[in-house]
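# Structural characterization, general
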Amino acid sequence: MYRPRFIALTIALLFASRGVYAQFNSSIQGTVLDTSGAVVPDAQVTVTNVGTGVARQVKTSGEGFYRVLDLGLGKYSVIVEHAGFRASEHQEVQLAAAV
(Lines give C-alpha, C1' and ligand atoms only; values in the text may rest on other atoms or scores of the structure.)
Protein backbone atom coordinates (compact mmCIF):
# COMPACT_ATOMS: atom_id res chain seq x y z
CA MET A 1 0.00 0.00 0.00
CA TYR A 2 2.84 2.47 0.78
CA ARG A 3 5.08 1.23 -2.00
CA PRO A 4 3.62 3.45 -4.81
CA ARG A 5 4.16 6.58 -2.67
CA PHE A 6 7.77 5.60 -2.00
CA ILE A 7 8.47 5.11 -5.72
CA ALA A 8 6.83 8.43 -6.61
CA LEU A 9 8.82 10.22 -3.89
CA THR A 10 12.07 8.62 -5.05
CA ILE A 11 11.44 9.69 -8.64
CA ALA A 12 10.58 13.22 -7.50
CA LEU A 13 13.80 13.43 -5.46
CA LEU A 14 15.87 12.21 -8.41
CA PHE A 15 14.49 14.96 -10.63
CA ALA A 16 14.93 17.57 -7.88
CA SER A 17 18.57 16.61 -7.31
CA ARG A 18 19.33 16.83 -11.04
CA GLY A 19 18.01 20.40 -11.09
CA VAL A 20 20.13 21.43 -8.10
CA TYR A 21 23.24 19.88 -9.63
CA ALA A 22 22.74 21.71 -12.93
CA GLN A 23 22.69 25.10 -11.21
CA PHE A 24 26.37 24.81 -10.35
CA ASN A 25 27.79 24.00 -13.78
CA SER A 26 29.33 26.63 -15.98
CA SER A 27 31.40 26.92 -19.14
CA ILE A 28 34.41 28.69 -20.57
CA GLN A 29 34.26 29.85 -24.17
CA GLY A 30 36.06 32.22 -26.45
CA THR A 31 37.57 32.94 -29.84
CA VAL A 32 41.28 32.42 -30.52
CA LEU A 33 42.88 35.21 -32.54
CA ASP A 34 46.45 35.83 -33.69
CA THR A 35 48.26 39.15 -33.18
CA SER A 36 46.80 40.54 -36.43
CA GLY A 37 43.24 39.74 -35.30
CA ALA A 38 42.75 36.76 -37.63
CA VAL A 39 40.97 33.72 -36.22
CA VAL A 40 43.02 30.59 -35.48
CA PRO A 41 41.14 27.43 -36.46
CA ASP A 42 42.07 23.98 -35.11
CA ALA A 43 43.98 25.31 -32.08
CA GLN A 44 44.06 23.06 -29.02
CA VAL A 45 42.52 24.59 -25.90
CA THR A 46 43.22 22.92 -22.55
CA VAL A 47 41.12 23.96 -19.55
CA THR A 48 42.43 22.68 -16.20
CA ASN A 49 40.76 22.96 -12.81
CA VAL A 50 43.56 24.33 -10.61
CA GLY A 51 42.15 22.75 -7.45
CA THR A 52 41.62 19.22 -8.78
CA GLY A 53 44.07 19.02 -11.70
CA VAL A 54 41.31 17.68 -13.97
CA ALA A 55 41.88 18.85 -17.56
CA ARG A 56 39.59 18.98 -20.60
CA GLN A 57 40.72 19.59 -24.17
CA VAL A 58 38.84 20.93 -27.18
CA LYS A 59 39.78 22.20 -30.65
CA THR A 60 38.72 25.55 -32.03
CA SER A 61 36.24 25.62 -34.91
CA GLY A 62 36.92 27.04 -38.36
CA GLU A 63 35.92 30.42 -36.90
CA GLY A 64 38.41 30.07 -34.00
CA PHE A 65 35.60 29.48 -31.48
CA TYR A 66 35.77 27.06 -28.57
CA ARG A 67 33.48 26.13 -25.68
CA VAL A 68 34.11 23.82 -22.71
CA LEU A 69 30.81 22.88 -21.04
CA ASP A 70 29.81 21.42 -17.68
CA LEU A 71 32.63 22.82 -15.59
CA GLY A 72 32.31 22.97 -11.83
CA LEU A 73 32.91 26.13 -9.85
CA GLY A 74 36.53 27.01 -9.11
CA LYS A 75 39.72 28.41 -10.61
CA TYR A 76 40.88 27.29 -14.02
CA SER A 77 43.94 27.60 -16.21
CA VAL A 78 43.33 27.97 -19.97
CA ILE A 79 46.17 27.13 -22.38
CA VAL A 80 45.89 27.62 -26.15
CA GLU A 81 48.38 25.91 -28.47
CA HIS A 82 48.79 25.72 -32.23
CA ALA A 83 51.73 24.78 -34.45
CA GLY A 84 53.65 27.87 -35.54
CA PHE A 85 52.39 29.96 -32.59
CA ARG A 86 53.69 30.49 -29.09
CA ALA A 87 51.40 28.94 -26.46
CA SER A 88 49.17 31.36 -24.57
CA GLU A 89 48.10 30.75 -20.96
CA HIS A 90 45.48 32.49 -18.85
CA GLN A 91 45.71 31.58 -15.17
CA GLU A 92 43.25 31.97 -12.33
CA VAL A 93 40.11 32.10 -14.49
CA GLN A 94 37.41 32.08 -11.79
CA LEU A 95 34.05 30.38 -12.31
CA ALA A 96 31.61 31.40 -9.58
CA ALA A 97 27.88 31.18 -9.00
CA ALA A 98 25.85 34.32 -9.60
CA VAL A 99 23.99 35.63 -6.58
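Residues numbered from 1 in each chain as written. Predicted model: local features only at pLDDT ≥ 70, side-chain atom pairs only at ≥ 80, totals over all residues. Heavy atoms only, no water.

### Comments concerning the confidence of the model for the chain
- Summary statistics for the chain give a mean pLDDT of 81 and a share of 74% for residues scoring 70 or more.
- Mean pLDDT across the elements of the chain ranges from a minimum in helix α1 (residues 3-22), with 44, to a maximum in strand β3 (residues 55-59), with 97.
- Overall, residues 1-22 carries pLDDT values under 50, and its contacts beyond four positions in sequence, including any with other chains, amount to 0 contacts. (pLDDT = per-residue confidence, 0-100. Helix = DSSP H or I, 4+ residues; strand = E, 2+ residues; numbered from the N terminus. Contact = heavy atoms within 4.5 Å.)

### Remarks on the sheet that holds β3
- Pairing within the open sheet is antiparallel, and its 4 strands lie in the order β3-β2-β5-β6. Of all the strands in the sheet, the pair left with one neighbour each is β3 and β6 (88-95). Shown here is a sheet whose adjacent strand axes are inclined to one another by a mean of 20 degrees, direction ignored. (Pairing = 2+ DSSP bridges. Axes fitted to C-alpha atoms, helices over the stretch in contact; angles between N-to-C directions.)

### Examining the pairing of strand β2 (residues 44-49)
- Summarising the sheet, β2 and β3 pair through 5 bridges and their orientation is antiparallel. Residue pairing for β3: Val47 is matched across the bridge by Arg56.
- Of the pairings in the sheet, the one linking β2 to strand β5 (residues 74-81) comprises 6 bridges and is antiparallel in character. If you follow Thr48 over to β5, its bridge partner there is Ser77.

### Concerning the layout of surface pockets
- Within this model, the largest pocket holds a volume of roughly 370 Å³.
- In this structure, the largest pocket is lined by 17 residues; those nearest its centre are Val32, Leu33, Val80, Arg86 and Ser88.
- Where the lining of the largest pocket is concerned, the elements lending two or more residues are β1 (26-31), β5 and β6.
- Ranked by residue count, the leading element in the lining of the largest pocket is β5, at 3 residues.
- Here the lining of the largest pocket is built from residues that sort into 8 nonpolar, 6 polar and 3 charged. (1 Å grid on protein atoms, 1.4 Å probe; cavity = no way out; pocket = protein on both sides within 12 Å on 5 of 7 lines; lining within 4 Å. Points joined across faces, edges and corners; volume = space filled by probe spheres on them. Nonpolar A, V, L, I, M, F, W, Y, C, P; charged D, E, K, R; others polar.)

### What about the side chain of Ser77?
- Tracing the backbone shows Ser77 in strand β5.
- For Ser77, the side chain forms a polar contact with the side chain of Glu89, separated by 3.0 Å.
- When near neighbours in sequence (up to four residues on either side) are disregarded, Ser77 contacts Thr46, Val47, Thr48, Val50, Glu89, His90 and Gln91. (Polar contact = N/O pair within 3.5 Å; in protein donor to acceptor, adjacent residues only side chain to side chain.)

### Some details on the environment of Gln29
- Tracing the backbone through its elements, the reader meets Gln29 in strand β1.
- Classification of Gln29 as partly exposed rests on a relative accessible area of 44%.
- For Gln29 and Tyr66, which are 37 residues apart along the polypeptide, the C-alpha to C-alpha distance reads 5.4 Å.
- Once you skip the residues sitting within four places of it in the chain, Gln29 turns out to touch Phe65, Tyr66 and Arg67.
- Reaching out from Gln29, the side chain makes a polar contact with the side chain of Arg67 at a distance of 2.7 Å. (Buried < 20%, exposed > 50% of the residue type's maximum accessible area, 1.4 Å probe, protein only.)

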